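Reading the structure
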Amino acid sequence: MKLGEKTDVIKYTTCAAHCLNTCVLKVRVREGVIVSIEPDDTINPGMAREYERLPDEVLDRGRVQRRPCAKAYAWLQEIYSPNRLKYPMKRLGERGGGEFERITWEEAIDTVAKKLVAIKEQYGPYSITHQPYDLYGTCSFPLASSFRAGFACWQNHSCAGSEQPRIWVLGKDPYKEWLSGTVNDLVQDEMNIFSAKLIVLWGMNITSNWGGAAVNNFLRAKKQGIPIIVVDPRYTPTVEVLADQWIPIRPTTDAAMMIAMANVWFKEDLCDKAFIEEYVESEGLEQWKAYVLGHADGTDKTPQWAEAICGVPAETIEAFARLYAGSKPVNLNASLTLGRQFYGENTTRACMYLQALTGNMLIPGGTAAADTGLWMNSWFGLNMPLPIRNWEDAWGEKENAYVPPTLMELHHWPKAIVLREKLDKGEITKKEYHNQIGSTPDGPSPNIQMIIMESNNHVNTLPEINMTIKAFKMVDFVMVWSHFADMDSARYADILLPLGLSAFEGAHESFWGRWWAWHHCFILRQKCIDPPGDIRPVEWFWTQVAKKLGIADQYKPNMVDVPHDRWYEALLEDDRKAYEEWAVMPEIAPLKPPSWEEFLKKPIFRFDSPKDPYYPFKNLVEKGENPFSGTASGKLEFHSELLAKGKEYLSENEAQVGNRCYGGGKLPPVAQMTKGGKDTFYSEDAKEYPLLMSSPHAYYRVHSWHDNNPLLRDDCYRHAVWMSVPDAVSRGIKDDDPVRVYNDIGEMILPAYVTWRIVPGNVVVHHGGWYRPGKEKSRLMPDGIDRGGSANFLTHNTDLPDTVVGFYPAKGLVQIEKWEGE
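No experiment lies behind these values; they were computed from the predicted model shown. The residue count restarts for each chain, going from 1 along the sequence in the order it is written. Under the rules for a predicted model, residues below a pLDDT of 70 receive no local features and side-chain atom pairs below 80 are neither given nor counted, while totals for whole chains, interfaces and linings still include all residues. Side-chain measures were taken over the full set of non-hydrogen atoms in the model, leaving aside hydrogen atoms and water.

It is worth spelling out the overall build of the chain at this point. The numbering of helices and of strands both runs from the N terminus, where a helix is a DSSP run of H or I of at least 4 residues and a strand a run of E of at least 2. Secondary structure assignment for the chain yields 29 helices and 24 strands. Dimensions along the principal axes, computed over C-alpha positions, put the chain at roughly 70 × 65 × 55 Å. Burial analysis of the chain (822 residues in total) assigns 64% to the buried set. Pairs at least 24 residues apart make up 73% of the contacts formed inside the chain by residues separated by at least 6 positions. Approximately 29900 Å² of the chain is accessible, and the part contributed by carbon and sulfur atoms is 50%. Throughout this description, buried means an accessible area under 20% of the type-specific maximum (1.4 Å probe, protein chains only), exposed means over 50%, and partly exposed covers the range between. Note on contacts: a residue pair qualifies if any of its non-hydrogen atoms lie within 4.5 Å across the two residues. Each accessible area is a Shrake-Rupley estimate made with a 1.4 Å probe; only the visible protein chains count as cover when residues are assessed.

Shown next as structure tokens:
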């Protein structure tokens, strides 16, 4: 920097994407422009490989950097992309054509306000769906209470296949925890893994999907000699970097391997009898034991039986089972993907069974295996509050008598739109319609005519993309907030609004907010630069719409007169009040937080990890309270009385998750290897589509974030369909050949990546690739065959009514052939 030039301004923030880590980004701003994004220097500055260089007493306190991954450093390409959407736009031509013209904010506000009134008057209050992140029976439409319209959804995109099994086995209801804001008893502290004698990562690829300090801790555990075993269909970076052993397995068959492990334990008397006697309900355990040993159905579930199903050699299963039983404590971390498949609830239940049978659930180093294990809630330090004021204090927002009813499962709003036409024509009954979308048989039916897409890309990220596109085309009005006009969902907007990047531009996206916490630190996202063009805050927009509708006195009256260019400053003033109130709280003051002025210089607050790390249920165990008081027996239950009531009961009665949970399905009362369903190796569809496609998260994307980022494509990442060598050879396909991947609901053309890193019969198209329609069109792909590799064209939105859970499908049976076209 030359003499006389302005010095750089340093700001701190954290990613606003969906990996849920609190990586610290040091942002260097020069004359209003970000010139670099740098690593965390708020602790151990400039130090790489802290786990090799710092003493254990420092590392044990959690005093390590929150180092970002490659995606964080690439944000510059997103911020300053020449394709960035900077102004409000309205559609030209047909919906989906992707042609827009610039309009003013006043026109956008006026259009949306008029549409809200007209659609509510014509179609009723349940005609508006707002989709940033409805879950657990909540409605995210900002004006729902004051405008008296909108509805709520049940379930959770991420954890659907594991959360309800928690209730069946452990009596832990995530919905009640969500409402109460209490600690999630099932999580573990970062340091808990160091108390383990064996770490098992079942389907978890943490080096690709976890940032912050997680990988640093696992590297340290490996250095300390704690064995790490990874069970996964792919040879992932986690296997390469961390694993002492990789056990490749056929996807959707994990339950068979777990059942066979228990078979070994029962026969060789390797179970923890003391734990079982004290904590496990005996009758249900005996029912499952009879199934495992074949007394119930005549089939002994031996490792040889499992080998034929899951592809893992019987001797490997036997050796792993014995190692597992003899390595207490075992830190079992089960991926959420185990529940994102048909009958995945069997697998997530079996994970809990394994930890219970070996006594690994209520001890340091152990896990409940009912979640990822590493998943940490955002309550700062487990029980400590964040400096956040409630909305009534901050904005004057008032609650109204209107409470949006829960009308469907979270990701079924496209199906609700498509099937509504059949309901109106009398082609299906109301009961059938409600059963398909996951609603009470006798409640009101949604009639969605207005889609509001905010901070999401549902054309890309929901299963069965063609159904979602069809739904977008059927409704009266679509409004989308987006960073780019060519993003999948944006192309189908009538009104397209530019979205600020909340990590850098002071925008306050409604779900993520400005504060974020992880384990024993939190950060305030600082505004680093002004947004480009005429990008304005989302909540400012809704406040202006409320003003236009005459309901501003109920919706954020304290903010109604704040101009958009002073919005961040007003929020920051609220943050100051919240921080100063927080800093003097009895549980916070002894930690000696800095003054607000000092905090803003480096807005990351840390405190030491506890000397005794948190393990699942630790708070209850130490108080002498029953950790399984939520079950009917007061013990951990292998048998579900709810599932035993059968499909007819489950299709018409609430199952107590997120207010509603209606379905049916074939799930047995105890976890079994259930064959059949959609998109498994044992589906009837496998005869025509013999390859099972998985759609894991990619290292170079967070969901669909960054798919258009030039730093994270081409020479550093080739988006392709992974195929095993035998599968490719049998089809005459070589590496990098263009191939057609298809099934009964979609098709795409993309390169093949031929590799030994994946088990035969399984293929992979990584989640998050944008839909890029090619010039070729077909019956299945009327808008153009996908050339971008958007995996959800091939995943079916058919979980309900075949399941009680409403899981989020992430697999699809496909066929692949060499593409001979251009």
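So that's the structure; there's more coming.
As a further point, take the sheet that holds strand β5 (residues 99-102). The rule for pairing is simple: two strands pair if DSSP sees at least two bridges between them. Read across the sheet, six strands follow the order β5-β4-β15-β14-β13-β6 without closing on themselves; strand pairing throughout is mixed. Every other strand in the sheet has two partners, leaving β5 and β6 (128-130) as the edge strands with one partner each. The mean inter-strand angle of the sheet, taken between neighbouring strand axes irrespective of direction, is 20°. In this structure, strand β13 (residues 450-453) lies alongside strand β14 (residues 477-482), joined through four bridges in parallel fashion. Its bridge partner lying in β14, Ile 451 is registered against Val 478. Inter-axis angles, ranging from 0 to 180 degrees, are taken between N-to-C directions of lines fitted to C-alpha atoms, where helices are fitted over the stretch in contact. In this fold helix α23 (residues 538-549) packs onto β6, β13, β14 and β15 (495-498), with an angle of close to 145° to the strand it touches most, β14.

Classification of ring pairs rests on two measures: the distance between centres of Phe, Tyr or Trp rings, Trp counted by its six-membered ring, which must be within 6.5 Å, and the angle between planes, read as stacked under 30 degrees, edge-to-face over 60 and tilted in between. Within the structure shown, the criterion is met by 37 aromatic pairs. Between Trp 75 and Trp 705, the aromatic rings sit 5.0 Å apart at their centres with planes inclined by 80°, giving edge-to-face as the arrangement. In this pair, Trp 75 sits in helix α4 (residues 75-79) while Trp 705 sits in the loop between β19 (691-694) and β20 (721-724), placing the two residues 630 residues apart along the sequence. By relative accessible area, Trp 75 is classed as buried at 2%.

What follows is about the sheet that holds strand β8 (residues 198-202). The parallel open sheet is built from four strands, whose spatial order is β10-β9-β8-β11. Strands at the two margins of the open sheet, each flanked by one partner only, are β10 (245-247) and β11 (330-334). Averaged over all neighbouring strand pairs, the angle between strand axes comes to 15°, with direction disregarded. Pairing of β8 with strand β9 (residues 228-231), which is carried by four bridges, proceeds in the parallel orientation. Looking at the pairing, Val 200 lines up with Ile 229 of β9.

For an α-helix the count is 3.6 residues per turn, leaving residues at separations of three or four pointing the same way. What a helix should span is 1.5 Å times the count of its residues minus one. Taking 1.5 Å of rise per residue, the 13 residues of helix α19 (residues 413-425) would be expected to cover 18 Å, and the 19 Å separating its terminal C-alpha atoms lies within 8% of that figure. The largest bend along α19 reaches roughly 35° and is located at Leu 419. Among the residues making up α19, those that are buried are Trp 413, Pro 414, Lys 415, Ala 416, Ile 417, Val 418, Leu 419, Arg 420 and Leu 423. Here the buried face of α19 lies against β6, β12 (406-409), α20 (430-437), β13, α21 (458-461) and α22 (465-474). To get the bend at any residue, fit one axis to the seven residues that end at it and another to the seven that begin at it, then take the angle between the two axes.

The term nonpolar core refers to a set of buried residues drawn from Ala, Val, Leu, Ile, Met, Phe, Trp, Tyr and Cys, joined through side-chain atoms within 4.5 Å. By size, the foremost hydrophobic cluster in this structure holds 64 residues, and its most contacted members are Leu 170, Trp 202, Met 257, Met 261, Trp 288, Leu 357 and Met 361. Ranked by residues supplied to this core, first place goes to helix α12 (residues 254-268) with 11 residues. Once residues lying within four places of it in the same chain are set aside, the contact partners of Met 261 are Trp 202, Ile 317, Phe 320, Ala 321, Tyr 324 and Leu 354. Grouped together as the second largest cluster of nonpolar side chains are 62 residues, Met 408, Ile 437, Ile 448 and Ala 791 included.

Along β14, six of the six residues are buried, which leaves the element largely enclosed by surrounding structure. Burial of the side chains of β14 extends over both faces: Phe 477, Met 479 and Trp 481 are buried on one face and Val 478, Val 480 and Ser 482 on the other. Sheet analysis places β14 next to β15, joined by four bridges and oriented parallel. Within β15, the residue paired with Val 480 across the bridge is Leu 496.

Before going further, it helps to examine the pairing of β8. Taken across its five residues, β8 has five buried, putting it largely inside the fold. Neither face of β8 is left uncovered, since the one carrying Leu 198, Val 200 and Trp 202 and the one carrying Ile 199 and Leu 201 both have all their residues buried. Direction of pairing for β8 relative to β11: parallel, over a ladder of five bridges. Note on β11: the bridge partner recorded for Ile 199 is Asn 331.

Quick look at the packing of α12 against helix α14 (residues 282-292) now. Close contact between α12 and α14 brings their axes to 10 Å; oriented N to C, the two are set at 100°. The angle between the axes of α12 and α14 places the two elements in the roughly perpendicular class. Contacts between α12 and α14 involve Ile 259, Ala 262, Asn 263 and Phe 266 from the first element and Leu 285, Trp 288, Lys 289, Tyr 291 and Val 292 from the second. Each residue gets one of three labels, nonpolar for Ala, Val, Leu, Ile, Met, Phe, Trp, Tyr, Cys and Pro, charged for Asp, Glu, Lys and Arg, and polar for the others, Gly among them. For the contact of α12 with α14, the per-class residue count stands at seven nonpolar, one polar and one charged. Roughly parallel here means an angle under 35 degrees, roughly antiparallel means over 145, roughly perpendicular means 65 to 115, and every remaining angle is called oblique.

Right, let's talk about α23 for a bit. With 12 residues, α23 extends 17 Å between its outermost C-alpha atoms, agreeing within 8% with the 16 Å of an ideal straight helix rising 1.5 Å per residue. Counting buried positions along α23 gives nine out of 12 residues, so the element sits mostly inside the fold. Those residues of α23 lying buried are Val 538, Glu 539, Trp 540, Phe 541, Trp 542, Thr 543, Gln 544, Val 545 and Ala 546. Just past α23, the residue Gly 550 takes up positive phi, approximately 80°.

On the secondary structure map, His 458 appears in helix α21. Here Trp 413 takes part through its side chain, which lies 3.2 Å from a polar atom of the side chain of His 458. Here a polar contact means two N or O atoms within 3.5 Å. Within protein one must be a hydrogen donor candidate and the other an acceptor candidate, and residues neighboring in sequence count only if both atoms are side-chain atoms. For His 458, the side chain forms a polar contact with the side chain of Asn 456, separated by 3.3 Å. Beyond its immediate stretch of four places on either side in the chain, His 458 contacts Gln 131, His 157, Trp 413, Met 453, Thr 468 and Ser 489.

It is worth spelling out the packing of α19 against α20 at this point. Packed helices, taken two at a time, are described by their axes: the angle between them and the distance between them. Running from amino to carboxyl end, α19 crosses α20 at an angle of 170°, the nearest separation of the two axes being 10 Å. Judged by the angle between their axes, α19 and α20 are roughly antiparallel. In contact with Lys 415, Ala 416, Leu 419, Arg 420 and Leu 423 of α19, α20 contributes Lys 430, Tyr 433, Gln 436 and Ile 437. Of the residues in the contact of α19 with α20, the class split is five nonpolar, one polar and three charged.

The term salt bridge refers to a pairing of a side-chain nitrogen on Lys or Arg with a carboxyl oxygen on Asp or Glu at a separation within 4 Å. Counted by the stated rule, this structure contains 47 salt bridges. A salt bridge links Asp 300 to Lys 267, with the shortest nitrogen-to-oxygen separation between them at 2.5 Å. Here the residue Asp 300 occupies a position in the loop between α14 and α15 (303-310), and Lys 267 occupies one in helix α12, the gap between them amounting to 33 residues. Taking the relative accessible area as the measure of exposure, Asp 300 reaches 31% and is therefore partly exposed. Taking the relative accessible area as the measure of exposure, Lys 267 reaches 46% and is therefore partly exposed. In this structure, a network of salt bridges that share partners links the residues Asp 8, Lys 26, Arg 28, Arg 30, Glu 38 and Asp 41.

Of note, the bond from Lys 328 into Pro 329 is cis; its omega dihedral lies within 30 degrees of zero at 5°. The topology assignment puts Pro 329 in the loop between α16 (314-325) and β11. In this structure, Thr 252 takes a positive phi of about 70° despite not being glycine. Checked against the element boundaries, Thr 252 lands in the loop between β10 and α12. One non-glycine residue, Glu 464, lies in positive phi territory at about 60°. If you trace the backbone, Glu 464 turns up in the loop between α21 and α22. On the accessibility criterion, Glu 464 (13% relative accessible area) is buried.

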